[in-house]
Amino acid sequence: MLKTLNLHTDFGFVGTIIYMDLFEHTLQERLSSEAPLAARMRPRTLDEFVGQSDIVGQGRLLRRAIEADRLFSSLILWGPPGTGKTTLAMIIANQTQSHFETLSAVLAGKAELRQVIKEAKERRSLYHKRTILFIDEVHRWNKAQQDALLPFVENGIFTLIGATTENPYFEVISALVSRSRIFQLRPLEDEDVRLILERTLRDSDRGYGKRDIKIDEAAIQHLIRVAGGDARNALNALELAVESTPPDTKGTIHITLDVAQESIQRRAVLYDKDGDSHYDTISAFIKSIRGSDPDAALYWLAKMLYAGEDPRFILRRLLISAGEDIGLADPSGLVVANAAAQAFEYIGLPEGIYAIVEAVLYLATAPKSNTTGAYFKAFKHIEEEGIIEVPNHLKDSSRDRFALGHGKGYKVPHAVSDHFLPQQYLPTDLLGTYFYTPSNQGYERQVQERLERWRAAQRAALGIKDTETLPDLKDQVIKEIKTKHKAR
């Protein structure tokens, strides 16, 4: 730990000596040498940094700012684990002449932040030295904690670098986002992960360059593939493989495919149930069903269940999809989805997966229609025009039939052979307004043919000349309903 000693003489204050406690220095050296491989191999300069060339490649804005030590704007580094967010922050710390301070949003709170702010103010006023504050997992701070940063970001007491695995546009307050440059880091490409592994095997100071290691091509390909673009995953697996494999009689450590498979048996799937990956995956799943691609639907289903998603959540979305995307094109879709949900309650996992898969395949291969969205046209009309009184002949005749004539003139359709009588059901001002337009898909094609005959007969019987088919308003109405719900 760095410590300061203020020197005074008879002539007054002379200066400050910064020193490190001997025991602390020894501890730091030991921890550094015993650190996990991924920590030891963390890049120290931009030239060592692998991947993200669109952000820190030669000539890019962020690279130029780091190299020139002109990082005046706050940054938010957004990306999945193992893509280099913390590494990039540490490179900035090594490059800059500013004081670099680190906080973890998991461990630190307002008290720690107040101390950092106090020291940053003193540093700025006494030594004219800027402070860069790196906050790891900044999305874990609540709104009040993030709000506490604002005044000091605005007045330049410190420059903020925030790292987050979640979408900052949702998880970081808008005031901080608007005052920061957002840089999105992507999972590393396979060739990037290969470069990191090969560099580690050659590095004599921090890696395994001093050891005689032979790694089969199939083994390194497995590590790359299963790491999923996460450098930390790949290095952890390599370390386990090397440290757990005894050398042969010649001192060679041979990493075969079997050893690699044992070292990284399961791919770590990025899937936070409250984060972007959750919503992005379920979105891809539903869109694959809507797009009639059963293979893609099965892939996204497998990803969700592999990552531990609650099957009941998936089944609820299947029920919604059956009503929203299949509708009357195949009314059995809702029946199949509901049956799958009930069957799963009886069976559970693992066998209950068969019911889910059957529903997924049925809905993905069923004819599609979104005409149930016609409801939202009626909803929007009522919201804008108000509720119009029910026509007299449609009113309940059991109470006011004799006094007010309620129900007078109503004809029961079952009285005729084809069970249809062309009479008025909408309010008079809405006659000729059509909310529902059947599709020509599946069963709904039959509905379309019947409805055309019925509507023609109704127009003729009631003298309807002008008609209006209302446009689709589903997305607009749903957005308004959600907005009102949040406001409550």
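The preceding data block contains the structure.
Everything numeric in this text was worked out from a predicted model, so none of it was measured.

Calculation criteria
- Residues numbered from 1 in each chain as written.
- Predicted model: local features only at pLDDT ≥ 70, side-chain atom pairs only at ≥ 80, totals over all residues.
- Heavy atoms only, no water.
- Helix = DSSP H or I, 4+ residues; strand = E, 2+ residues; numbered from the N terminus.
- Buried < 20%, exposed > 50% of the residue type's maximum accessible area, 1.4 Å probe, protein only.
- Areas by Shrake-Rupley, 256 points an atom, 1.4 Å probe, with all protein chains shown as cover.
- Expected span 1.5 Å × (residues − 1).
- Polar contact = N/O pair within 3.5 Å; in protein donor to acceptor, adjacent residues only side chain to side chain.
- Axes fitted to C-alpha atoms, helices over the stretch in contact; angles between N-to-C directions.
- Parallel < 35°, antiparallel > 145°, perpendicular 65-115°, else oblique.
- Left-handed = near helix turned anticlockwise from the far one by under 90°.
- Contact = heavy atoms within 4.5 Å.
- Nonpolar A, V, L, I, M, F, W, Y, C, P; charged D, E, K, R; others polar.
- Salt bridge = Lys/Arg side-chain N within 4 Å of Asp/Glu carboxyl O.
- Core = buried A, V, L, I, M, F, W, Y, C linked by side-chain atoms within 4.5 Å.
- Pairing = 2+ DSSP bridges.

This next bit is on the overall build of the chain. Per the secondary structure count, the chain includes 23 helices and 11 strands. Each of the 488 residues in the chain was classed as buried or not, and the buried ones make up 41%. Accessible surface, the chain: about 28400 Å² in total, of which carbon and sulfur atoms supply 53%.

Turning our eyes to something else, we now look at helix α17 (residues 311–326). Between its first and last C-alpha atoms α17 spans 21 Å; for 16 residues at 1.5 Å apiece the expected length is 22 Å, and the two agree. Among all positions in α17, only P311, F313, I314, L315, L318, S321, A322, D325 and I326 are buried. Capping the start of α17, D310 holds a side-chain oxygen 3.0 Å from the backbone nitrogen of R312, two or three residues further along. Downstream of α17 by one or two residues, G327 has phi in the positive range, about 55°.

Okay, the packing of helix α15 (residues 276–290) against helix α16 (residues 294–306) next. Their axes nearest at 8 Å, the elements α15 and α16 cross at an angle of 155°. Judged on the interaxial angle alone, α16 and α15 are roughly antiparallel. With respect to the hand of their crossing, α15 and α16 are arranged in left-handed fashion. Counting all contacts with α15, which are made through S277, T281, I282, A284, F285, S288 and I289, the residues of α16 involved are A296, A297, W300, L301, K303 and M304. Tallied by class, residues from the contact of α15 with α16 come to nine nonpolar, three polar and one charged.

Where charged atoms of side chains with opposite charge meet at close range, the side chains can pair. Under the definition given, this model contains 19 salt bridges. With a shortest N-O distance of 3.0 Å, E67 and R63 are connected by a salt bridge. Of this pair, E67 and R63 both sit in helix α4 (residues 61–67), four residues apart, which is roughly one turn of that helix. When its relative accessible area of 43% is taken as the criterion, E67 is described as partly exposed. Given a relative accessible area of 5%, R63 falls into the buried group.

Generally speaking, soluble globular proteins have nonpolar side chains that are buried together. In this structure, L197, I213, L223, L235, L238, V242 and I255 are the most contacted members of the largest nonpolar core, which totals 29 residues. Apart from the residues lying within four places of it in its own chain, the contact partners of L223 are L197, I215, A237, L238, A260 and I264. Of all hydrophobic cores here, the second largest spans 24 residues; its members include I289, F313, L315 and I356.

Next up on the list: helix α5 (residues 85–95). Of the positions making up α5, those classed as buried are K85, T87, L88, A89, I91 and I92. Looking at the buried residues of α5, the elements they touch are α3 (53–56), α4, β3 (74–78), β4 (99–104), β5 (131–136) and β6 (159–164).

Mapping N233 onto the fold places it in helix α13 (residues 231–244). Looking at N233, the relative accessible area reads 22%, which means it is partly exposed. C-alpha separation for the pair N233 and G82, spaced 151 residues apart in sequence, amounts to 7.3 Å.

Here we take up the packing of α16 against helix α19 (residues 353–365). Put simply, α16 and α19 touch, their axes get as near as 9 Å, and they point 150° apart. α19 is crossed by α16, and the crossing has right-handed handedness. When α16 is examined against α19, the residues P294, A297, L298, L301 and L305 are found in contact with a partner set consisting of I353, I356, V357, V360, L361, A364 and T365. Broken down by class, the residue content of the contact of α16 with α19 amounts to 11 nonpolar, one polar and no charged.

Here we have five strands laid out as an open sheet, ordered β4-β5-β6-β3-β7, and parallel in their pairing. Every interior strand has two partners, whereas the edge strands, β4 and β7 (180–184), have only one. Averaged over all neighbouring strand pairs, the angle between strand axes comes to 15°, with direction disregarded. Bridging between β3 and β6 involves four bridges; their strand directions are parallel. When the sheet's bridge partners are listed, L77 is paired in β6 with A163. Sitting on the sheet, helix α6 (residues 110–127) is in contact with β4 and β5, with an inclination near 175° to β4.

By themselves, these figures tell us nothing about what the structure is for.
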